[in-house]
Amino acid sequence: MTSALPTIVSFWHGPMSWLERLSIASFHRAGHRVEVYAFDPIAGLPPEAVACNAADVLPRETLVFYKGKGTPGVFSDYFRMMALRQGRGVYADLDVYCVRPIEGPPDYLMAYERPGSINGAVLHIPSDAPLLDDLLSIFTDPDRPLLEPHLPIFRRLEVAARRLLGQTVAPEDMQYGATGPMALTHYMVRRGLADQVRPSSVLYPIAYEGIPALMQAGSSVDDAIGPDTLAIHLWRSQLTRRGRADLPLPEPGSALWTLCQREGIALG
């Protein structure tokens, strides 16, 4: 393992599937130390990962689920910003497959998932960046503006109307993605940092809509990998319909089956 490479940091809640093990194995193979933070012991955590206490980053009582019963994706947005504020490393979701080592890293590491939308599945921001103040304030500022500036106009008006009626609209009750790509895109532009964003070929060479096909026999990721590709976001939500259970196995001969074979991940 190369000590010069940054640590990869991630949050996880619940048991692990083959997809998370694939992600960890790929970063480990590239030479990265992989730290997985959780509030409870993780069933299926592979030995290539270092188990860490999520309470060292945020208290357990801050753990929330999308609209009370969905994924902890909104909490993971909060967690990754706080982990970056603490300078713990490069944050990467555990549905990201590492193609090449992430060197440096550069002060700002992020890419467009599609034109006009910045994703933070792989993310690095300097620990003292004002951008982190912007992103963390969504979770910590009790006096947020009535019109949330990072939301689409109709969602902005909806949240404002609910607040005028006396309702508390927490981040986990807003539109899915409001604390992720929407916020990151808005505040990167507002801070004049758009020139720091990498093209989709670096981290999102396969579009969101193309992910399910990677489970089918005959598919491949090889043609999508370019000379600048560092990783591939495999969007777990496209494999589980935003659920966290019942992740199916990829078909033999499929792209994801092949990646599991390459990284030594047992299926079944």
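Everything below is about the structure printed above this text.
In what follows, the accompanying structure is described.

Reading the values: rules and limits
- Residues numbered from 1 in each chain as written.
- Predicted model: local features only at pLDDT ≥ 70, side-chain atom pairs only at ≥ 80, totals over all residues.
- Heavy atoms only, no water.
- Helix = DSSP H or I, 4+ residues; strand = E, 2+ residues; numbered from the N terminus.
- Rg over C-alpha atoms; globule rule 2.2 N^0.38 Å.
- Buried < 20%, exposed > 50% of the residue type's maximum accessible area, 1.4 Å probe, protein only.
- Contact = heavy atoms within 4.5 Å.
- Areas by Shrake-Rupley, 256 points an atom, 1.4 Å probe, with all protein chains shown as cover.
- Lys, Arg positive; Asp, Glu negative; His and termini not counted.
- Charge placed at Lys NZ, Arg CZ, Asp CG, Glu CD.
- Pairing = 2+ DSSP bridges.
- Polar contact = N/O pair within 3.5 Å; in protein donor to acceptor, adjacent residues only side chain to side chain.
- Axes fitted to C-alpha atoms, helices over the stretch in contact; angles between N-to-C directions.
- Parallel < 35°, antiparallel > 145°, perpendicular 65-115°, else oblique.
- Left-handed = near helix turned anticlockwise from the far one by under 90°.
- Nonpolar A, V, L, I, M, F, W, Y, C, P; charged D, E, K, R; others polar.
- Disulfide = S-S within 2.5 Å.
- Salt bridge = Lys/Arg side-chain N within 4 Å of Asp/Glu carboxyl O.

## What about the overall build of the protein?
For step 1, the next point in the chain: When helices and strands are tallied, the protein shows 8 helices and 8 strands.
For step 2, the next point in the chain: For 268 residues, the compact-globule estimate of 2.2 N^0.38 gives 18 Å, and the C-alpha radius of gyration of the protein, at 18 Å, lies within 12% of that figure.
For step 3, the next point in the chain: Going through the 268 residues of the protein one by one, you find that 51% of them count as buried.
For step 4, the next point in the chain: A sequence separation of at least 24 residues applies to 71% of the contacts in the protein between residues at least 6 apart.
For step 5, the next point in the chain: For the protein, the accessible area works out to roughly 12,100 Å², and carbon and sulfur atoms hold 52% of it.
For step 6, the next point in the chain: Side-chain charges in the protein split into 24 positive and 29 negative, and the spacing between the mean points of these groups amounts to 4 Å.

## Observations regarding the pairing of strand 6 (residues 109-114)
Both faces of the sheet carry side chains from a regular strand, because those side chains alternate between them.
For step 1, the next point in the chain: Sheet topology note: the strand 6/strand 7 (residues 117-124) ladder contains 4 bridges and is antiparallel. Opposite Arg114, over in strand 7, you have Ser117 as the bridge partner.
For step 2, the next point in the chain: Hairpin remark: strand 6 followed by strand 7, antiparallel, with 2 residues in the connecting loop; positive phi at Gly116, about 85 degrees.

## Things to note about the side chain of Thr185
For step 1, the next point in the chain: Turning to its location among the elements, Thr185 is positioned in helix 5 (residues 178-190).
For step 2, the next point in the chain: There is a polar contact of 2.7 Å between the side chain of Thr185 and the backbone oxygen of Pro181.
For step 3, the next point in the chain: Discounting residues that sit within four places of it in the chain, Thr185 has contacts with Gly116, Ser117 and Ile118.

## Description of the environment of Tyr108
For step 1, the next point in the chain: You can see Tyr108 is positioned in the loop between strand 5 (96-98) and strand 6.
For step 2, the next point in the chain: As a C-alpha pair, Tyr108 and Val197 span 89 residues in sequence and 7.6 Å in three-dimensional space.
For step 3, the next point in the chain: Each residue touching Tyr108, except ones within four places of it in the same chain, is listed here: His124, Ile125, Pro126, Ala129, Leu131, Met188, Leu193 and Gln196.

## Section: the environment of Ser219
For step 1, the next point in the chain: Residue placement: Ser219 occurs in the loop between helix 6 (200-203) and strand 8 (231-233).
For step 2, the next point in the chain: Residue Ser219 is classed as buried on the basis of its relative accessible area of 18%.
For step 3, the next point in the chain: As a C-alpha pair, Ser219 and Ala30 span 189 residues in sequence and 23 Å in three-dimensional space.
For step 4, the next point in the chain: Contacts of Ser219, omitting those with residues within four sequence positions, involve Ala213, Leu214, Gly253, Ser254 and Ala255.
For step 5, the next point in the chain: Separated by 3.3 Å, the side chain of Ser219 and the backbone oxygen of Leu214 make a polar contact.
For step 6, the next point in the chain: At 2.7 Å, the side chain of Ser219 and the backbone oxygen of Gln216 are in polar contact.

## What to know about the packing of helix 1 (residues 18-29) against helix 8 (residues 255-263)
When two helices pack together, their arrangement is given by the angle between the helix axes and the distance between those axes.
For step 1, the next point in the chain: As a packed pair, helix 1 and helix 8 sit with axes 10 Å apart at the nearest point and diverge in direction by 50 degrees. One finds that helix 1 runs oblique with respect to helix 8. Two packed elements cross with a definite hand, and for helix 1 against helix 8 that hand is left-handed. Along the contact surface, helix 1 presents Trp18, Leu22, Ala25, Ser26 and Arg29, while helix 8 presents Leu256, Leu259, Cys260 and Glu263.
For step 2, the next point in the chain: Tallied by class, the residues present in the contact of helix 1 with helix 8 amount to 6 nonpolar, 1 polar and 2 charged.

## A closer look at the state of the cysteines
For step 1, the next point in the chain: Taken as a whole and judged by the stated rule, the model has 0 disulfides.
For step 2, the next point in the chain: Its sulfur unpaired, Cys98 is 15 Å from the next cysteine sulfur, which belongs to Cys260.
For step 3, the next point in the chain: In this structure Cys98 comes out as buried when scored by relative accessible area, which is 0%.

## A few points about the pattern of salt bridges
For step 1, the next point in the chain: In total, this model carries 13 salt bridges according to the counting rule given.
For step 2, the next point in the chain: Its salt-bridge partner being Glu35, residue Arg33 comes within 2.8 Å of it at the nearest N-O pair.
For step 3, the next point in the chain: You can call Arg33 partly exposed: its relative accessible area is 37%.
For step 4, the next point in the chain: With a relative accessible area of 11%, Glu35 lands in the buried category.
For step 5, the next point in the chain: A single network of salt bridges, built from pairs that share partners, joins Asp77, Arg80 and Asp93.

So far we have only geometry, and geometry alone does not tell us how the molecule works.
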